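One-letter residues, chain by chain:
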Amino acid sequence: MSFSYPVGTRGARQPRGPLFRWVNDRTANRVRRRRDGRFMGLDALVLNTVGRKSGQERATPLGWFPGEPDGWVVIAAAAGGARNPAWYLNAAAQPDRLTIDLAGQTIPVSARELHGDEREAAWARVTAAVPRFATYQRKTDRQLPVILLTPREVPPVS
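Points about the side chain of Thr140
And then number 1: With respect to the element layout, Thr140 can be found in the loop between helix H4 (132–139) and strand S8 (146–151).
And then number 2: We classify Thr140 as buried; its relative accessible area is 3%.
And then number 3: Polar side-chain contacts of Thr140 include one of 3.2 Å to the backbone nitrogen of Arg142.
And then number 4: If near-sequence neighbours (up to four positions away) are discounted, Thr140 is found in contact with Arg10, Gly11, Gly80, Gly81 and Ala82.

Below, the structure is given as structure tokens:
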């Protein structure tokens, strides 16, 4: 199933603007330097996407949770905003052109949005580990997308 969550009609103010981009860039650099992959109490990674409009590489630091059976679960929370974050839209546009930076490595990944029972099980694990995500969900009427990032094989260069 594809990426499908629509925007909401209400929600918290979403982070954006030059200051947010500056903080985002600094945070991404800090996450990349950490060998233990932790930042502000969360397991963290940097998701690298290709801008769906600009074609430029974008880097977004995100908290992650273990995927079942493998991979990394991330939430498109946008602090409980009414709209989905840009990284989500970029990942939806090109789900097989993503990489993550994690613990000193760059790993090619594919993204898949979870739905139904699979989403509910992952959401329960996320909110049990970090209740703040349930708070974000209460701030908006859109259902926060749950994304599974899984490693993908990269064909050898010939």
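Concerning helix H2 (residues 86–93)
And then number 1: Among the residues of H2, those classed as buried are Trp87, Tyr88, Asn90 and Ala91. Along the long axis of H2, the arc covered by the buried residues comes to 165°, so they all point the same way.
And then number 2: Elements in contact with the buried residues of H2: strand S2 (42–50), strand S3 (57–63), strand S5 (72–75), strand S6 (98–102), strand S7 (105–113) and S8.

Brief notes about the confidence of the model for the protein chain
And then number 1: Of all residues in the protein chain, 90% attain a pLDDT of 70 or more, and the chain-wide mean is 87.
And then number 2: Predicted confidence in the protein chain is weakest over strand S1 (residues 38–39), with a mean pLDDT of 63, and strongest over S5, with 97.

Some details on the pattern of salt bridges
And then number 1: Scanning the model with the defined rule gives two salt bridges in all.
And then number 2: The partner of Glu118 in a salt bridge is Arg112, and the shortest N-O contact between them spans 3.0 Å.
And then number 3: Among the residues examined, Arg112 registers a relative accessible area of 36% and is labelled partly exposed.

Conventions and cut-offs
Residues numbered from 1 in each chain as written. Predicted model: local features only at pLDDT ≥ 70, side-chain atom pairs only at ≥ 80, totals over all residues. Heavy atoms only, no water. Helix = DSSP H or I, 4+ residues; strand = E, 2+ residues; numbered from the N terminus. Buried < 20%, exposed > 50% of the residue type's maximum accessible area, 1.4 Å probe, protein only. Polar contact = N/O pair within 3.5 Å; in protein donor to acceptor, adjacent residues only side chain to side chain. Contact = heavy atoms within 4.5 Å. Arc of directions from axis to C-beta. pLDDT = per-residue confidence, 0-100. Salt bridge = Lys/Arg side-chain N within 4 Å of Asp/Glu carboxyl O.

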